[in-house]
Amino acid sequence: MTTFTKVILFTDTDGRARFRQEAVALSEGTPQAMLSPLMPTSGCQLRHSPVGFRSPFHCTVTPQWVFILGGQMEIGLQDGSSRVFQAGEHFHSADVLPAGATFDATVHGHWSRQVGAEPLVTLFVRD
């Protein structure tokens, strides 16, 4: 069976954001157009971030898919690692603040920034 690789930004048991991957089965459709099962969504937003944009550390409020439509987006984690996503790539942002925790910018969340000479254009699709 063919699968789609879902890149996930999540909150680990220590409260820190990390990346992992999981396979989504493409179990529907036809051999020429394989589909995943339908996933519910609650809305979407488009965002344009100019050259030079960078956010402070923050957590995702509502889990959502992030699709890079134009430019490049870098996501940085508390451990100093980062990952750059190009136009046409995606990730599922689910690094929510742990229940009962008060946000601490030295422990929780991630930062994001626009990379390169082109503005960053993204599509957010909420779960």
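Before reading further, recall that the structure is shown in the block above.
Below or above, wherever it landed, is the structure these notes cover. As the structure is a computational prediction, the values presented were derived from the model and not from experiment.

### Things to note about the layout of surface pockets
Here's step 1: In this model, the largest pocket occupies a volume close to 290 Å³.
Here's step 2: Around the largest pocket, the lining comprises 18 residues; the ones closest to its centre are Phe4, Ser36, Met39, Trp65 and Phe67.
Here's step 3: Put simply, the parts of the chain that give the lining of the largest pocket at least two residues each are strand S1 (3-11), strand S4 (33-35), strand S6 (64-70) and strand S11 (120-126).
Here's step 4: In terms of residue class, the lining of the largest pocket is made up of 12 nonpolar, three polar and three charged.
Here's step 5: If you go around the second largest pocket, you meet 17 residues; those closest to its centre are His58, Thr60, Gln64, His110 and Phe124.
Here's step 6: Where the lining of the second largest pocket is concerned, the elements lending two or more residues are strand S5 (43-49), S6, strand S7 (72-77), strand S9 (90-94), strand S10 (110-115) and S11.
Here's step 7: Taken together, the residues of the lining of the second largest pocket sort by class into seven nonpolar, eight polar and two charged.

### Considerations on the sheet that holds S9
Here's step 1: Pairing is mixed in the open sheet, where six strands are placed in the order S2-S1-S9-S6-S11-S5. Every interior strand has two partners, whereas the edge strands, strand S2 (17-25) and S5, have only one. Looking at each pair of strands side by side, their axes are set apart by 25° on average, direction ignored.
Here's step 2: As judged from the seven bridges shared by S5 and S11, these two strands associate in the antiparallel manner. Along S11, the bridge assignment pairs cysteine 44 with valine 125.

### Details of the nonpolar core
Here's step 1: Grouped together as the largest cluster of nonpolar side chains are 12 residues: Val7, Leu9, Ala17, Val66, Ile68, Met73, Ile75, Leu77, Phe85, Phe91, Leu120 and Phe124.
Here's step 2: For this core, the elements supplying multiple residues, two or more each, are S1, S6, S7 and S11.
Here's step 3: By residue number, the principal contributor to this core is S7, which donates three residues.
Here's step 4: Not counting residues up to four positions away in its chain, the partners in contact with leucine 9 are Ala17, Arg18, Phe19, Ile75, Leu77, Phe91, His92, Ser93, Ala94, Asp95 and His110.

What counts and how
- Residues numbered from 1 in each chain as written.
- Predicted model: local features only at pLDDT ≥ 70, side-chain atom pairs only at ≥ 80, totals over all residues.
- Heavy atoms only, no water.
- 1 Å grid on protein atoms, 1.4 Å probe; cavity = no way out; pocket = protein on both sides within 12 Å on 5 of 7 lines; lining within 4 Å.
- Points joined across faces, edges and corners; volume = space filled by probe spheres on them.
- Helix = DSSP H or I, 4+ residues; strand = E, 2+ residues; numbered from the N terminus.
- Nonpolar A, V, L, I, M, F, W, Y, C, P; charged D, E, K, R; others polar.
- Pairing = 2+ DSSP bridges.
- Axes fitted to C-alpha atoms, helices over the stretch in contact; angles between N-to-C directions.
- Core = buried A, V, L, I, M, F, W, Y, C linked by side-chain atoms within 4.5 Å.
- Buried < 20%, exposed > 50% of the residue type's maximum accessible area, 1.4 Å probe, protein only.
- Contact = heavy atoms within 4.5 Å.

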